[in-house]
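# Remarks on the overall topology
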Amino acid sequence: MSKTLTIRRPDDWHLHLRDGDMLAAVLPETARHFGRAIIMPNLLPPVVTGADARAYLERIMAALPKSANFTPLMTLYLTEDTDPEDVAAAHDAGLIWAVKLYPAGATTNSASGVTDFDKVRPVLERMAEIGLTLCVHGEVTDPDVDIFDREAVFIDRVLDPLRRATPDLRVVMEHVTTKDGVDYIASADKNLAGTITTHHLVINRNHILAGGIRPHYYCLPVAKREVHRLALLEAATSGNPQFFLGTDSAPHIDPAKESGCGCAGCFTATNTVSVLAEVFEKAGALDKLEAFTSLNGAEFYQFPASDSTLTLTRGAPLTYPAKINSGDGPVTVFDPGFDLHWHVRVNP
Ligand code: NCD
Ligand code: ZN
C-alpha cells in the first residue's frame, strides 16, 4: 500500500542563493518545491541598501526558470552604517521582508557585520515601529568562547538584552542548534520565533568528526551534541508555531569545502522536502510536517499560506544526484545517511 500526504507548498525562511553562475545552478533546486524564500544578503559585497536589494532581486528573477512558481523575499544586511530611512523606504516599497544581523566575523561573508550593537539601535527601533523582522545569526564571535557554546552565550549576552531593549521588535533566531535556543524561544511570550534547518534535524557533531572529518556536514552554527539534535526535533515536530523551516541551504563548490580550511555550509535544497518527510515519519509526526514547512513561517511573517500543494508519496528509495554542477564547479548535495522514500509531486 502506498502512503501519500498532501501539504501546502513549503516556504524556506532562510536560504542562500549566491550570485552569477552559482545562482543559476541552485535557484531551480529551491524553486522546484518551494513557493517563497527569505534570501540571505551575505554576498560579496553584501546586500546593504534598498538599491542593492532591488538589483539582486532583478538578477534572481532573470535566473528563475520561466515555469517556476517562486517568490524571492529580499533582506538587507545590517551594518553599523545602515540608514534607518533607507530600510524603512525599502520596506514601504514592498521590496524587503527582513533585515539580517550577523555579528562581525560569525560566518561566511560576515566581515561587514555588527560589532557595536549600540550603533544599530536607531535601525532596530525604526524596524520595531514599522513591524519589520530582524533575522539573527545567533553566535558570539569572541575567540575565548568555545565554538560549541557560542549560541548559548549569544542568547545571554546579546539576544536577550536586545529584545529587552526593543520589546516590540519582531525577531527570528535563525538556524537554532541547541536546546538552550529552543527553550529560550519557547519561553518568549511574543515577537520571537526560530528557524530550524534540515541538516540540524539529521546530524549531530559525531557525524562531522567521528571516524574521519566530513567537510560536507560542516556548517555554522556547527551541529552540537545529540541531546541538542533531539531538542530541535522535538521543537520542529511539536506544532508550536514559533518553530519553522529555514533550510540554510548554503552552496559552496567542493574544492572550497574539501580543503585545509573548508567553508561552512550544507547544500540541502535538492532533497530537503524528502529528507524532512523521512525525519518526521521516523519521529511519528508526519501530521506536523505541513505546520513546520508551510504554515508556521507564513504566519509569523504575516503571509497567507500557499494556495498550491505538493503530494508526497512513499515508495522505493529515491534517486537524486550526489552533486549538482554549477559554472563555478561541483556542489555536493546533503547526504542524510539514510534512504529517502518520499517522492515529491508538485500539483498544478
Ligand atoms: C552560510 C553561508 O555559507 O553563507 N554558511 C553556513 O554554514 N550556514 C552562512 C550562514 O548562514 O551562517
Ligand atoms: Zn545561512
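Residues numbered from 1 in each chain as written. Chains lettered and ligands numbered in written order. Predicted model: local features only at pLDDT ≥ 70, side-chain atom pairs only at ≥ 80, totals over all residues. Heavy atoms only, no water.

This paragraph deals with the overall build of the chain. From N to C terminus, the chain includes 11 helices and 13 strands. Expected size for 348 residues packed as a compact globule is a radius of gyration near 20 Å; at 19 Å, the chain falls within 12% of this value. Across its three principal axes, the chain shows a C-alpha extent of roughly 60 × 45 × 40 Å. Across the 348 residues in the chain, those meeting the buried criterion constitute 57%. When contacts within the chain are restricted to residue pairs at least 6 apart in sequence, those whose partners lie at least 24 apart make up 74%. For the chain, the exposed surface amounts to about 13,900 Å²; the carbon and sulfur share of it is 52%. If you average the places of the 31 positive and of the 44 negative side-chain charges in the chain, the two averages end up 5 Å apart. (Helix = DSSP H or I, 4+ residues; strand = E, 2+ residues; numbered from the N terminus. Rg over C-alpha atoms; globule rule 2.2 N^0.38 Å. Buried < 20%, exposed > 50% of the residue type's maximum accessible area, 1.4 Å probe, protein only. Contact = heavy atoms within 4.5 Å. Areas by Shrake-Rupley, 256 points an atom, 1.4 Å probe, with all protein chains shown as cover. Lys, Arg positive; Asp, Glu negative; His and termini not counted. Charge placed at Lys NZ, Arg CZ, Asp CG, Glu CD.)

All right, on to the pairing of strand S12 (residues 329–332) then. Each regular strand shows side chains that alternate between the opposite faces of the sheet. Pairing of strand S11 (residues 323–326) with S12, which is carried by 4 bridges, proceeds in the antiparallel orientation. Across the sheet, Lys323 pairs through a bridge with Thr332, a residue of S12. (Pairing = 2+ DSSP bridges.)

On to empty space enclosed by the protein. One pass over the full model with this rule turns up 3 cavities of 30 Å³ or more. Considering only enclosed or pocket space, the largest cavity measures out at about 120 Å³ in volume. Forming the boundary of the largest cavity are 18 residues, of which His16, Thr107, Thr108, Leu220 and Asp248 lie nearest the centre. Split by residue class, the lining of the largest cavity holds 6 nonpolar, 9 polar and 3 charged. Volume-wise, the second largest cavity comes out at about 60 Å³. (1 Å grid on protein atoms, 1.4 Å probe; cavity = no way out; pocket = protein on both sides within 12 Å on 5 of 7 lines; lining within 4 Å. Points joined across faces, edges and corners; volume = space filled by probe spheres on them. Nonpolar A, V, L, I, M, F, W, Y, C, P; charged D, E, K, R; others polar.)

The subject of this paragraph is helix H2 (residues 50–63). Helix length check: H2, at 14 residues, gives a terminal C-alpha distance of 20 Å against a target of 20 Å (1.5 Å per residue), a fit within 8%. Residues of H2 that are buried: Gly50, Ala53, Tyr56 and Ile60. Projected down its long axis, H2 shows its buried positions confined to an angular sector of 120 degrees, all on one face. Facing away from the buried side of H2 by over 90 degrees, the exposed positions are Ala51, Glu58 and Ala62. Looking at the buried residues of H2, the elements they touch are helix H1 (20–31), strand S3 (36–39), strand S4 (71–77), helix H3 (84–92) and strand S5 (96–101). (Expected span 1.5 Å × (residues − 1). Arc of directions from axis to C-beta.)

To continue, consider helix H10 (residues 272–282). Every α-helix carries 3.6 residues per turn, so stepping three or four residues along brings you back to the same face. Within H10, 10 of the 11 residues are buried, which leaves it mostly tucked inside the rest of the structure. Those residues of H10 that are buried lie in contact with helix H8 (226–236), strand S9 (243–245), helix H11 (289–300), strand S10 (309–314) and strand S13 (342–346). Looking at the residues trailing H10, positive phi occurs at Gly284, about 70 degrees.

Moving on, we come to the coordination of the zinc ion (ligand 2). The coordination sphere of the zinc ion (ligand 2) contains the protein donors His14 (NE2), His16 (NE2) and Asp248 (OD), at a distance range of 2.0 Å. If you look at the zinc ion (ligand 2), its 4 donor atoms make angles of 92 to 138 degrees with each other, and the shape they trace is irregular. Mapped onto the sequence, the residues coordinating the zinc ion (ligand 2) show the spacing H-x1-H-x231-D. Under the relative-accessibility criterion, His16 is labelled buried at 7%. (Donors = N, O, S within 2.8 Å, 3.2 Å for Na, K, Ca; no water. Tetrahedral: all angles 85-135°; square planar, octahedral: opposite > 155°, others 65-115°.)

Attention now goes to the nonpolar core. Formed by 88 residues in total, the largest nonpolar core has its most connected members in Ile96, Leu134, Leu201 and Phe280. With near-sequence residues (within four places) excluded, Leu134 lies in contact with Leu78, Val99, Leu101, Leu124, Met127, Leu162, Leu169, Arg170, Val171 and Val172. The next biggest cluster of nonpolar side chains, apart from the first, holds 16 residues, and it includes Met40, Val48, Leu73 and Ala98. (Core = buried A, V, L, I, M, F, W, Y, C linked by side-chain atoms within 4.5 Å.)

For the coordinates displayed, the defined rule picks out 18 salt bridges. Arg59 is the salt-bridge partner of Asp19, the closest N and O atoms lying 2.8 Å from each other. Here Asp19 is found in the loop between strand S2 (11–15) and H1, whereas its partner Arg59 is found in helix H2, with 40 residues between them in sequence. Residue class for Arg59 comes out partly exposed when judged on its relative accessible area of 35%. We note a salt bridge from Arg314 to Glu278, for which the minimum N-O separation is 3.8 Å. With Arg314 in strand S10 and Glu278 in helix H10, this pair connects stretches of sequence that are 36 residues apart. With relative accessibility at 2%, the residue Glu278 sits in the buried group. A single network of salt bridges, built from pairs that share partners, joins Lys3, Glu278, Glu281 and Arg314. (Salt bridge = Lys/Arg side-chain N within 4 Å of Asp/Glu carboxyl O.)

This next bit is on the side chain of Arg170. Mapped onto the secondary structure, Arg170 falls in the loop between helix H5 (150–165) and strand S7 (171–173). Of the side chains with opposite charge, Glu299 lies nearest to the buried Arg170, which makes no salt bridge, at 8.5 Å. With residues up to four places along the chain from it excluded, the contact list for Arg170 reads Gly131, Leu132, Thr133, Leu134, Asn191, Phe300, Tyr301 and Gln302.

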